[in-house]
Structures are given as C-alpha cells and as structure tokens.
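Examining the three-dimensional arrangement
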Amino acid sequence: MTVNDPFARLPEAAAFSVTSRTVADGAAWPLAQRSGTTGGKDISPHLSWSGAPEGTKSYAVTVYDPDAPTGSGFWHWAVADIPATVTELPEGAGDDTGAGLPEGAFQLPNDARATRFLGAAPPAGHGPHRYFVVVHALDVDTIGVPADATPAVLGFTMASHILGRAVLTATAETTG
C-alpha cells in the first residue's frame, strides 16, 4: 500500500479526464480556493470532464486532503447525483446555496459540517498538502445517500458503483 494514496485500497477504475480553468493539475490552489481562515474565499473550482466510461449514469465530485493531521484526512467538498449529461461545474457552484449545481445534484456536509466547498487551510509549518479533486463516474442514476451523510459514507456507498475516476491534484502550504 502506498502511503497517503487515497485510492490504494479501492477497486481499480477506468481513467478519464478532468481539467479546470481554476487550477492546473499539480499546481497550488489560487487564493480564492483557500479557506477564509487563511485569507481565501472558499470558492469551489471550475471543473470540466470528458471521456467517462460507457454506462455512466451519474457523477459525484469530491475534494479530499489525505495529508491533514487527523488520522483520516479531511473532506473539503462532496457533490452527489450529478446527471450523466452534465460534464462541467462552474467556479463557485459549491457555495452555501448550491445554486450553481445541476438539477438533482446535492452537496453533502464536509468535515467541518458545512454543506459547501471549504477551501484549503493546511496548518502552518505542516508542509505541503495535496487536494485530490475527483470526478467519479457511477453506474447508477442516484447513489442513494441522504443529504446529511458524510463524504466517507458517500465514498463507501460509491465503491461498488464506480466505473471511472478522473483525478486532478492541487496543492497548498501555509508557511510560518
């Protein structure tokens, strides 16, 4: 098993592409995607994806920091039940209202228990953190988790329904 690899013990899934006008794969989050506690704005990134496997009936999007000093990482955002006809989320879709999300999709509470995108806020001096932005292609129209479920419950429920996984990794570090 690879240290801090959030996919190491999950079933294999076909790869497809996710890109963003907000952040390039491997690059640092812009200030807007940092937490308000660190001077950021907690604005969810723009995401666009293509090449999902045949049979995809819906998507879920998650943003996860496996490097958080919690023993279980930190979930920053989770969106479920994105229709298969949707292949893009605008920047800011993950605000408090979720009005930028497609009809039928919903946000789950993140690890701060806020039902929205929460920007990066690694502890000062903790070193660089990775933020796995993942679009999961699913073989069901709806994943069937309640809106107040945790992202971990979403992940557990999705595990047997994932056809494909598109991954973009952003980074952040707080010096001091």
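Data block above holds the structure.
As the structure is a prediction and not an experimental result, all values here were calculated from the model.

A closer look at the nonpolar core
W29, W49, V61, W77, I82 and V135 are the most contacted members of the largest nonpolar core, which totals 27 residues. Among the elements of the structure, strand 3 (47-50), strand 4 (58-65), strand 5 (74-83), strand 8 (129-138) and strand 9 (162-172) are those that each provide at least two residues to this core. With 13 residues, the next largest nonpolar core counts V140, I143, A149 and I162 among its residues.

Comments concerning the pattern of salt bridges
Scanning the model with the defined rule gives three salt bridges in all. Between D67 and R130 there is a salt bridge, with its nearest N and O atoms 2.8 Å apart. Residue D67 is found in the loop between strand 4 and strand 5, and its partner R130 is found in strand 8; the two are separated by 63 residues along the sequence. Here R130 falls in the partly exposed class, since its relative accessible area comes to 27%.

Here we look at the side chain of S44
Relative to the helices and strands, S44 resides in the loop between strand 2 (17-19) and strand 3. In this structure the side chain of S44 is engaged in a polar contact, spanning 3.1 Å, whose partner is the backbone nitrogen of A93. There is a polar contact of 2.8 Å between the side chain of S44 and the backbone nitrogen of G94. In this structure, S44 is in contact with Q33, W77, P90, E91, G92, A93, G94 and F117, ignoring residues within four places of it in sequence.

Digging into the packing of aromatic side chains
Under the definition given, this model contains seven aromatic pairs. Seen in terms of ring centroids, W77 and F117 are 5.7 Å apart; in terms of plane orientation they differ by 85 degrees. Their pairing is edge-to-face. Of this pair, W77 sits in strand 5 while F117 sits in the loop between strand 7 (106-107) and strand 8, placing them 40 residues apart in sequence. For the residue pair W77 and F117, the accessibility class agrees, reading buried in each case.

Quick look at the sheet that holds strand 2
Spatial ordering of the open sheet is given by 2-3-6, a layout of three strands whose pairing is antiparallel. Two strands in the sheet have a free side with no partner beyond their single neighbour: strand 2 and strand 6 (88-89). Where strand 3 meets strand 6, two bridges bridge the pair, whose relative direction is antiparallel. Residue pairing for strand 6: L47 is matched across the bridge by L89.

Remarks on the sheet that holds strand 9
The strand order 1-9-8-4-5-7 describes an open sheet built from six strands, whose pairing is mixed. At either margin of the open sheet sits one strand with a lone partner, and together these are strand 1 (14-15) and strand 7. Pairing of strand 4 with strand 8 involves seven bridges; the strand directions are antiparallel. Pairing of Y59 across the sheet is with A137, part of strand 8.

Observations concerning unusual backbone geometry
Residues other than glycine seldom take positive phi values, yet D42 does so here, at roughly 55 degrees. Relative to the helices and strands, D42 resides in the loop between strand 2 and strand 3. Backbone geometry at D81 places phi at a positive 60 degrees, although glycine is not the residue there. By the element assignment, D81 lies in strand 5.

Each value, and the rule that gives it
- Residues numbered from 1 in each chain as written.
- Predicted model: local features only at pLDDT ≥ 70, side-chain atom pairs only at ≥ 80, totals over all residues.
- Heavy atoms only, no water.
- Core = buried A, V, L, I, M, F, W, Y, C linked by side-chain atoms within 4.5 Å.
- Buried < 20%, exposed > 50% of the residue type's maximum accessible area, 1.4 Å probe, protein only.
- Helix = DSSP H or I, 4+ residues; strand = E, 2+ residues; numbered from the N terminus.
- Salt bridge = Lys/Arg side-chain N within 4 Å of Asp/Glu carboxyl O.
- Polar contact = N/O pair within 3.5 Å; in protein donor to acceptor, adjacent residues only side chain to side chain.
- Contact = heavy atoms within 4.5 Å.
- Phe/Tyr/Trp six-rings, centres within 6.5 Å; stacked < 30°, edge-to-face > 60°.
- Pairing = 2+ DSSP bridges.

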